[in-house]
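Here is how the chains run, residue by residue.
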Amino acid sequence: MKILKYLFLLLLLLSVGGSVFIATQKSNFTTVKSIFIKTSKTSVYNYLNDNNNYKDWYVFDSESIELVYSKNTSGAGSYFSWSGTEGEGKTTVFSSIENDSIVQKTDLDGALSETVWKLKDTIGGTKVICISKGEMSFSNKLHSFLNGGVNKVIGRKLELSLKNLNRSLDYELNTYSVSSNGVVFKKGFYYLKHTINTKLSRLNYNVKILIPYLINFSNQNQIIISGKPFVIYNSIDESKEITNISVCLPIKRRIFTSSGSDIICSELEGYTSVKTTLYGDYSHRKKAWKKAKDYINKNRETEEKSIPILEVYNKSSIDGLSPSKWQTTLYTAVQPRYIS
């Protein structure tokens, strides 16, 4: 019995000593990892800046987790939170500089950390640098101690995440197709619009901001939305990479907005058009434009240039979908053929 008693005391002392040793280890850490990705800096930024995409590549501590997203899934103030077998966490975008960097703050069961994503142009692609720094809870320290140290544990997690990011970007951005759907009649309807001038490189960024803005305006004013958001290309200067667009939301009936409002109600009258569908990321929209032009020329249609191109976002990031699952319909107006 005495031997068992001494063994128990020895184990207790080792346990207490080990706990004290682990508790007195440094809580702060800084880990830096990077990867080269054969994708433009704009595309990498747009993908990283959308919280919906993190489920496809980011390595979480728990194998099985449930993710929750903020209504606005990108930009400062947006967040994603999760819960799993290893605890609960929340990552919030603290700040973002377009095509340059994103700063995130994470609270993992009370342990605070910061992750900075930096993007640098390189020959043939983009260098993505991930800097993770913060403090660890006792359980984090114990896990790190048993697995080779904090830099090894967090470093391995960052390396795996970056490799997954590279694979995911390659698949999500390059998985696309374009289909011609022939000549159709586009029915008319009322819609809300907000018109801006923008560089083509900033088009997606501005659209992602303005669509939620229009949706919030409609909800606050009890306006019934009757379809998917869309963009009207009022003018395009491809040589200067500039376009004037109206970001729009179809509504059930005409409304009147106050004088000076940046949101206006307009009516789209029905017209004959060539319908083209892009499946995949918006970076391939020029291929959809070309597909429409080729169809018009091949079938000897006459383009009606007085009616601007219309682009409808049937399935998009607003629906929580990753780029490979997006579906965008392009309508190019043509003159109707009259049969005598």
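Look above for the structure.
Residues numbered from 1 in each chain as written. Predicted model: local features only at pLDDT ≥ 70, side-chain atom pairs only at ≥ 80, totals over all residues. Heavy atoms only, no water.

Now for the sheet that holds strand β3 (residues 79-84). Taken in spatial order, the 7 strands line up as β1-β7-β6-β5-β4-β3-β2 in an open sheet, and their pairing is antiparallel. The sheet terminates laterally at β1 (28-37) and β2 (65-69), the two strands that pair on one side only. If you compare each strand with its neighbour and ignore which way they point, the axes differ by 20 degrees on average. As judged from the 10 bridges shared by β1 and strand β7 (residues 125-135), these two strands associate in the antiparallel manner. Its bridge partner lying in β7, Ile35 is registered against Val128. Of the strands in this sheet, β1, β4 (87-97), β5 (101-108), β6 (111-122) and β7 touch helix α2 (residues 41-48), which is tilted by about 160 degrees from β6. (Pairing = 2+ DSSP bridges. Helix = DSSP H or I, 4+ residues; strand = E, 2+ residues; numbered from the N terminus. Axes fitted to C-alpha atoms, helices over the stretch in contact; angles between N-to-C directions. Contact = heavy atoms within 4.5 Å.)

What follows is about the packing of aromatic side chains. Evaluation of the coordinates by the stated rule reveals 15 aromatic pairs. Here the aromatic rings of Phe60 and Phe80 are separated by 6.2 Å at their centres, their planes lie at 85 degrees, and the arrangement is edge-to-face. Of this pair, Phe60 sits in the loop between α2 and β2 while Phe80 sits in strand β3, and the two are 20 residues apart along the sequence. Accessibility assignment for this pair places Phe60 and Phe80 in one class, buried. Each residue in the set Tyr54, Trp57, Tyr58, Phe60, Phe80, Trp82 and Trp117 is aromatic and connected to the rest through ring pairs, giving one cluster. The aromatic ring of Tyr79 is capped on one face by Lys90, whose charged end is 4.3 Å from the ring centroid. Seen from the ring of Tyr331, Lys186 lies directly overhead, with NZ or CZ sitting 4.4 Å from the centre. (Phe/Tyr/Trp six-rings, centres within 6.5 Å; stacked < 30°, edge-to-face > 60°. Buried < 20%, exposed > 50% of the residue type's maximum accessible area, 1.4 Å probe, protein only. Lys NZ or Arg CZ within 6 Å of the ring centre and 35° of its normal.)

Turning next to the sheet that holds strand β12 (residues 264-268). Pairing between sheet strands relies on hydrogen bonds along the backbone, with the strands arranged either parallel or antiparallel. If you walk across this open sheet you meet the 8 strands as β8-β13-β15-β14-β10-β11-β9-β12, and the pairing is antiparallel. Edge positions in the open sheet fall to β8 (177-186) and β12, since each of these has one partner strand only. Averaged over all pairs of adjacent strands, the angle between strand axes in this sheet comes to 30 degrees, irrespective of strand direction. Bridge count for strand β14 (residues 309-315) against strand β15 (residues 327-333) is 5 bridges, and the pairing is antiparallel.

Coordinates in, geometry out; function isn't part of it.
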